[in-house]
Amino acid sequence: MAETKAVEKKKYTRMDFASDQAVRWCPGCGDYAILAQTQKIFPDLGEDKENVVFISGIGCSSRFPYYMNTYGFHTIHGRAPAIASGVKIANPELSVWVVTGDGDGLSIGGNHTIHLLRRNLDINVLLFNNRIYGLTKGQYSPTSEMGKITKSTPFGSLDRPFNPVSLALGADATFVARTIDRETKHMQAMIERSYKHKGTSFLEIYQNCLIFNDGAYASLTDKETKTDKVLWLEDGQPMIFGAEKNKGIKLDGNKPEIIELNGEHSADDVLVHNEQDFVIASMLASLTYREDFPDPIGVLYSIDAPTYEDMATDQVNTAIENRGVGSIQDLLHSGQTWEVK
Amino acid sequence: MEKTLKNVDDVVIRFAGDSGDGMQLTGGRFTDTTAIVGNDLSTLPDFPSEIRAPTGSLAGVSAFQIHFSSKDIHTPGDKVDVLVAMNPAALKVHREELESGGMLICNAAAFTKKNLTYAGFDSNPLEDGSLGDYFRVFDIDMSKIVKEACADMGLTPKTVERTKNLFALGLLFWIYDCPMEPTKNWLEKKFAKRPELIEANVRSMNAGFNYGETTEIFTTRYKVDKADLPAGTYRNIVGNYALSLGLVAAAERSNLPLFYGGYPITPASDILHHLSALKHHNIKTFQAEDEIAGMTSIIGAAFTGNLAVTASSGPGIALKSEALGLAVIAELPMVIVNVQRGGPSTGLPTKTEQADLFQAIFGRNGEAPLPVIASATPGDCFFTAYEACRIALKYMTPVLLLTDGYLANGSEPWAIPNVDDLEPINVKFADTSSMVDGQFMPYLRDKDTLARPWAIPGTSGLEHRIGGLEKEDVTGNVSHDPENHHHMTLTRQQKVNNVVNDIPPTEIFSDASGELLILSWGGTKGACRSAAEDLQADGKSVSHVHLRWVNPLPKDLGEILIRFKNVLVPEINMGQLNKLIRAEYLVDAQGLNLVRGKPIGKSRIIEKVNEILGS
């Protein structure tokens, strides 16, 4: 694989990444958009298709690998990050992708997700967050808002929801981003950024479930409201939003507040995004799901850090350099032995 | 005073003391020395699950048993000939197993009122005469003697006190006419940076040796001659290490990188420790966040073309079970080791048991068959690990390897094999030649083994998807078709059944028919073989068969079983193999079921056989 990388890249179209399997999500599901944007952007990534592996767990999102004409493994509930870790450590040359959902990745598989993030393997996690259990027909999920009325919570859910990007930051992720299923260009850009980040990339995708949780992100996608409800993040740019680009985020001490860019405040007063600033990323993450703030969309955080698989490979190489390639016959005879004649 | 030297064939010594008394170290040194002398031996460490229970408590007693002999032996021994009890708690816990008339060596200094009360003694057994009728008692103030031996060294009293195990060791070396040189060399290596500790330990060991030589308390020394072992180069080997080396051998012979994913658990953790120190053998070890990730990471590594292995014990295997089902349906090669311990639940983490046989064979949802192989002795762990890998790769299937706490920590002298003599492991990854009409067929099977092709990511043209959903044979596409599911269920079973073709004819020790057959699997082999030897020597019509593969069972087992009037299956469980045998072959096999966290002793088997034979 290392050799093929050195030679000229193969040229692909989006159809090269589509498998022959019929796609079986509900009509109108946000997953279609994610699949389409993924297949669209992949030819631009420059990765040979045979080196791409999609690993998923269980849930609607986890059918994803069947539809990608790459290597794929539809595994068991919650375990995709651990299986992907085995793949990546075994062969660091592969481009490894985990497709998961809010139930798969944050509930049953929450442990694997946080440990993948802290180890910083170069794996790209696409977390489809529809804030509901779809495949099991509509129970509340760990990202559902409190008081959610579902089949399993007729009197309202009691759990406080997880905010995935805060969780990822808390787990020491090196790349944390968020996009929306309806924002096709932005999603492509975020998938590309995830691919290019060396280390675990955590991309949360706000995804609408038409059947069981329709409109979960309506305020972020409806024309009338989205300009006030989406804060588009760009590195080095002030955090300005609103239909007239007339609102901004300012820090009052360590408390975020919204300022109107009129005579009193100008763009110079607005906080400038810095993807490498953990404090800014954490503050932005904390704005999630709030009525009084827009949801930050884009790359919240991105830093460089060594990857687990590189260090694991280095340890093997160093051991071989120092001691030579081990021979089992020598190993068997090491230590105290004696002859019986 | 003239001391006599007597030859004996067979001795069992148990060193017992507080967790902090260094009993495992003492036992280990004695073991290595008898190995050098050329005795056959078998050892059994027995330690508490508490890392350091309160000093002097019953819970904190740690012991190490060694059976050494001039004959070929198979077990760590039933009854103890010499018990070294470093405190009252050690005496309390172990005295029942000391042979009547056996030697009891105690550190008198530890028999204080406080320790005696703690151990539940109303009076001091060394003084109240309660032991003298049964045992030859030697109460020695070891603490005082080592204090004198190291008096001019300027060491702290605590440091000096900690050398008293070497006094006991030195004394045992004198009693059994063993050289001290190997231990001196070992100490010099271990404490290379602390010369004062080498000196103190050697002084205490010498003091023990001289105590036997000069005092009039001991009148007799014993000599255990070299055992008549087959020619070869030998080493002493502990089960978990042998198992690790078997994996390394399989990786080397198959020319695959070894990937080990695991989570720490007693008594399997040593496998992770050993392999993580052998990275220059192209081994990657991954300490996962939990048992499930240990298991699923190896599924990922197997998908990617590594020799993938995990090890755990019963509770961890329970957590891995769902993923094991995925490994079965994905038909990927890997080895899962269960170092069995006492259950249920957390059970007896440091003790041995054989109660996970059903879990191994049946413990998954759905029809999820996989081959199961079991190690018989510490050294056999090498060969079974190798064989498990070979079969996994040949048949493209997960293989479960069962060992147990006794095998894992026990040791024996081991004739080092020549790795080139082991059956070769040929791995061929799929290439474009396994395509049909330009399409790769991930479930197009080998006609003989039913193995599917192993197409690893990175191979151009073979991009394909697999998963936990039922799949259509040949294409691997998701399928809910009833006939296909039935066909795939039968096919997965047939693939496991085909492993019988790799099982050599069953060896029968010794007559092929008779009154009674002892049938064993796993770590009870030694006790069963010893019992059969004794019974045969006694003129009884008793044979022994040991099963290496427990799933599938060997082709010829049925015809062997019916040639015996009685079948006895000794197991450290409630009769799991016995139930399988009865169900599979409709024979009226009986069980001998002792679930005490310890190996079954041969004497219990002999008793049971005699009871069945009415003699």
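Now for a look at the structure at hand. (Residues numbered from 1 in each chain as written. Chains lettered and ligands numbered in written order. Predicted model: local features only at pLDDT ≥ 70, side-chain atom pairs only at ≥ 80, totals over all residues.)

## What about the environment of N236(B)?
Residues and elements named next belong to chain B. Defined as follows: By the criteria applied, helices consist of DSSP H or I runs no shorter than four residues and strands consist of E runs no shorter than two, each listed in order from the N terminus. A pair of residues counts as a contact when their C-beta atoms, built from backbone coordinates, are within 7 Å of each other.
Mapped onto the fold, N236 is located in strand β9 (residues 232–238). Residues N236 and P413 lie 177 residues apart in sequence; the distance between their C-alpha atoms is 4.3 Å. Here N236 is in contact with T31, D32, A35, S411, P413 and W414, once residues within four sequence places are set aside.

## Brief notes about the pairing of strand β5 (residues 175–180) of chain A
Residue and element names in this part refer to chain A. Put simply, the test is: Neighbour density around each residue's C-beta defines its exposure: 20 or more other C-beta atoms within 10 Å make it buried, 12 or fewer make it exposed, and counts between make it partly exposed, where C-beta atoms are placed from the backbone. Pairing between strands is defined by DSSP: at least two bridges between the two strands are required. By convention, orient the strands away from the viewer: a clockwise path from the first strand over the helix to the second makes the crossover right-handed.
Within β5, six of the six residues are buried, leaving the element largely enclosed by the surrounding structure. Across the two faces of β5 the burial is the same, with F175, A177 and T179 and V176, R178 and I180 all buried. The pairing of β5 with strand β6 (residues 201–206) spans six bridges and is parallel. Looking across to β6, one finds that A177 is bridged to L203. For the handedness criterion, the β-α-β arrangement of β5, helix α8 (residues 184–196) and β6 is classed as right-handed. Here four bridges tie β5 to strand β11 (residues 295–302), and the two strands are oriented antiparallel to one another. Along β11, the bridge assignment pairs A177 with V299.

## Considerations on the interface of chain A and chain B
Keep this limit in mind: Just so you know the grouping, Ala, Val, Leu, Ile, Met, Phe, Trp, Tyr, Cys and Pro go in nonpolar, Asp, Glu, Lys and Arg go in charged, and all remaining residues, Gly too, go in polar.
Contact with chain A, which involves 52 residues of that partner, is made by 54 residues of chain B. Of all elements in the fold, only α3 (64–67), β2 (71–74), α4 (80–90), α6 (110–119), α12 (308–323), α13 (328–332) and β12 (337–340) of chain A reach the threshold of two or more residues within the side of chain A that touches chain B. Ranked by residue count, the leading element in the side of chain A that touches chain B is α4(A), at eight residues. Class assignment of the residues belonging to the side of chain A that touches chain B gives a composition of 24 nonpolar, 21 polar and seven charged.

## A short note on the packing of helix α2 (residues 30–45) of chain A against α8(A)
All names here are of chain A. Worth spelling out the cut-off: Note on geometry: axes are C-alpha line fits, over the in-contact stretch for helices, and angles between N-to-C directions span 0 to 180 degrees. Any angle between 65 and 115 degrees counts as roughly perpendicular, while under 35 counts as roughly parallel, over 145 as roughly antiparallel, and the rest as oblique. Two helices that cross are described as forming a left-handed crossing if the nearer one is turned anticlockwise from the farther one by less than a right angle, and a right-handed crossing if clockwise.
One can describe the packing of α2 onto α8 by two numbers: an axis separation of 9 Å at closest approach and a directional angle of 55°. Judged by the angle between their axes, α2 and α8 are oblique. Remark: the crossing between α2 and α8 carries right-handed chirality. Seen from α2, the contacting residues are A33, I34, Q37, T38, K40, I41, D44 and L45; seen from α8, they are T184, M187, Q188, I191, E192 and Y195.

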